[in-house]
Amino acid sequence: MFVKEIDSSIEEVEREYKLLNLLEFNSSRKRMSVIVRDEVGQIFLFCKGADKLGDGGRTYQHATTTHLANYAEDGLRTMAFAYRKIKDLEYEEWSSTFAKAKATIGPEREEVLENVSEIIEKDLMLLGVVAVDDKLQDWVAECIDKLAQFQLVLGCFQAMTDDILNQIKASYQVTVNEKTKDDPFALVVDGKALEIALGNDIRDHFLQLAVNCSSVICCRVSPKQKAFSFFDLESHRIFR
């Protein structure tokens, strides 16, 4: 793959990288990474995630943490970036372990892949953070209101930081004592809780709870969890 970069002379240059591995996002690690080899044979890991990723670059660690908190308070979606250089011998040993993990079959596969990913996602050098004003498009609020009037249950599957989620909950906090039995309820669940809730033992109970809520917000979920959750809810006729 080819990437355009700005070099030390502030000139735009095009460099070629070979993609070696892709470490997919999950709700436990809260990050995803790629491992690449550059034109001269050096191996790098580049990582992005919703939280701070590394203790490298300590000069800016405190300031970055403060900025992340401020961005979240403003309702912005945040993303942190980090990297590390990997020695050839370390990569060869890890790559063999990663290949075995990918070949794992069974319910423990995701956990095995997560553990192997965390082995290489260490000693990261923090590059910086970005914040995006992720506003709703025009008329979305009105559209949601109309759908709610037809008693359609609304589901939101999104990746958001804990700080932003807390802001949402604080803005719409209603105590049980203030509600009546006829008032609508909303369900907010994160990726870790969703993984447990969709387990075989309590799966039906959780889905029935979701059916009885007017809105369901699933945050910090992986792409696979989004897909599975949607089809599970659809099977219970939430979206029909």
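The following paragraphs examine the structure supplied in this document. Please read all numbers here as calculations on a predicted model, not as lab measurements. (Residues numbered from 1 in each chain as written. Predicted model: local features only at pLDDT ≥ 70, side-chain atom pairs only at ≥ 80, totals over all residues. Heavy atoms only, no water.)

1. Notes on the packing of aromatic side chains
The final tally for this structure, using the stated rule, is five aromatic pairs. For the ring pair Phe44 and Tyr83, a centre distance of 6.5 Å and an interplane angle of 45 degrees mean the geometry is tilted. You can see Phe44 sitting in strand E5 (residues 43-49) and its partner Tyr83 sitting in strand E6 (residues 77-86), a full 39 residues away along the chain. Of the residues examined, Tyr83 reaches a relative accessible area of 28% and is grouped as partly exposed. Measuring from centroid to centroid gives 6.1 Å for Tyr91 and Trp94, while their planes differ by 40 degrees, and the two rings are tilted. With Tyr91 and Trp94 both in helix H2 (residues 88-102) and three residues apart, the pair spans about one turn of that helix. With a relative accessible area of 9%, Tyr91 lands in the buried category. Using a relative accessible area of 4% as the deciding quantity, one classes Trp94 as buried. Put simply, the rings of Phe44, Phe46 and Tyr83 touch in pairs and so form one group of aromatic residues. (Phe/Tyr/Trp six-rings, centres within 6.5 Å; stacked < 30°, edge-to-face > 60°. Helix = DSSP H or I, 4+ residues; strand = E, 2+ residues; numbered from the N terminus. Buried < 20%, exposed > 50% of the residue type's maximum accessible area, 1.4 Å probe, protein only.)

2. Quick notes on the side chain of Thr64
Tracing the backbone through its elements, the reader meets Thr64 in helix H1 (residues 61-73). Among the residues examined, Thr64 registers a relative accessible area of 10% and is labelled buried.

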